[in-house]
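Working through the structure, step by step
This is what each chain is made of:
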Amino acid sequence: MPVTFTAFCTLRLAAYMRFAAACTGCPRTGREVAQEALGDLATVWEKALRSASPAALAWGLISERCSRAQLRPCGSVYRVLPRLYADAVVLRYRLGIGLAETAELMGIDELEVNGMLRYAARKVTEVRHMHMT
């Protein structure tokens with residue numbers, strides 16, 4: 001594999017495994033899901049390098065793999081939010097990853113992550129309000 005791919009994976013593997021473990025409820029399954037997603041990335045690495053954001057393409061692969069794992073203990077957030085918004089919530093609030101690192105992992109701008117989190121907060125408030133009335 002190219003050195004750029006190895007470096008990319010080295011920098012992100014631990015966070016991907018933590019995220020996948022949070023989504024699946026199992027560290028071993030999380031590790032497998034993260035490794036499978038990076039295997040997927042290896043097959044499209046040249047395309048990723050030509051894309052606007054290799055990190056965004058990679059995040060889409062890990063997020064999709066986690067979505068297919070169907071074991072989400074943090075699943076309630078995924079029932080009320082679009083997948084990427086829920087991913088941002090899990091990274092930021094369940095795993096305690098800072099805003100800048102969340103944006104870097106997802107391959108998007110900090111302002112976009114911040115907007116996703118604000119939307120998520122509004123949506124959670126709406127859902128709570130609906131259940132209280």
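Calculation rules
Residues numbered from 1 in each chain as written. Predicted model: local features only at pLDDT ≥ 70, side-chain atom pairs only at ≥ 80, totals over all residues. Heavy atoms only, no water. Helix = DSSP H or I, 4+ residues; strand = E, 2+ residues; numbered from the N terminus. Rg over C-alpha atoms; globule rule 2.2 N^0.38 Å. Contact = heavy atoms within 4.5 Å. Areas by Shrake-Rupley, 256 points an atom, 1.4 Å probe, with all protein chains shown as cover. Salt bridge = Lys/Arg side-chain N within 4 Å of Asp/Glu carboxyl O. Buried < 20%, exposed > 50% of the residue type's maximum accessible area, 1.4 Å probe, protein only. Disulfide = S-S within 2.5 Å. pLDDT = per-residue confidence, 0-100. Core = buried A, V, L, I, M, F, W, Y, C linked by side-chain atoms within 4.5 Å.

**Quick word on the overall build of the protein**
Helices and strands together make up the secondary structure of the protein, namely eight helices and zero strands. Along the protein, helices and strands appear, N-terminal first, in the series α-α-α-α-α-α-α-α. Relative to the 2.2 N^0.38 estimate, which gives 14 Å for 133 residues, the radius of gyration of the protein is 15 Å and therefore close to what a compact globule would have. Counting only C-alpha atoms and orienting by the principal axes, one finds that the protein spans roughly 55 × 30 × 20 Å. Contacts in the protein between residues at least 24 apart in sequence constitute 58% of all its contacts with a sequence separation of at least 6. Surface summary for the protein: the accessible area is close to 7,400 Å², and the carbon and sulfur share equals 56%.

**Brief notes about the pattern of salt bridges**
Note on pairing: side chains with opposite charge can pair once their charged atoms come close. All told, the structure shown has six salt bridges when counted by the stated rule. A salt bridge links R65 to E36; the shortest N-O distance between them is 3.1 Å. Here E36 lies in helix α2 (residues 27-43) and R65 lies in helix α4 (residues 54-69), a separation of 29 residues in the sequence. Given a relative accessible area of 37%, E36 falls into the partly exposed group. Ionic pairing is found between D40 and R65, a salt bridge with its closest N-O pair at 2.8 Å. Linking D40 in helix α2 with R65 in helix α4, this pair joins segments that are 25 residues apart in sequence. Judged by its relative accessible area of 22%, D40 falls in the partly exposed class.

**Observations concerning the state of the cysteines**
Considering all chains together, one arrives at zero disulfides under this definition. No disulfide involves C66; its sulfur sits 4.4 Å from the nearest other cysteine sulfur, which is in C23. Residue C66 is classed as buried on the basis of its relative accessible area, which comes to 0%.

**Structural notes on the confidence of the model for the protein**
Confidence in the prediction of the protein, expressed as mean pLDDT, is 91, and 94% of residues score 70 or more. Helix α5 (residues 75-80) is the least confidently modelled element of the protein, averaging 80 in pLDDT, while helix α7 (residues 99-106) averages 97, the highest of any element.

**Let's talk about the nonpolar core**
Counting residues in hydrophobic clusters, the biggest one holds 38 residues, and the most contacted among them are Y16, F19, L41, W59, I62 and L91. With nine residues, helix α1 (residues 3-24) is the largest single contributor of residues to this core. What I62 contacts, discounting residues up to four positions off in sequence, is Y16, F19, A20, V33, A34 and A37.

**A closer look at the environment of F8**
With respect to the helices, strands and loops of the structure, F8 is situated in helix α1. For the pair F8 and L38, spaced 30 residues apart in the sequence, the C-alpha separation amounts to 9.7 Å. Other than its neighbours up to four places away in sequence, F8 contacts Y16, L41, W45, P54, A55 and A58.

**Side note on the environment of A14**
Within the fold, A14 resides in helix α1. Accessibility expressed as a relative area gives 49% for A14, which makes it partly exposed. Put simply, A14 and R28 are 14 residues apart on the chain and 13 Å apart in space, counted from C-alpha to C-alpha.

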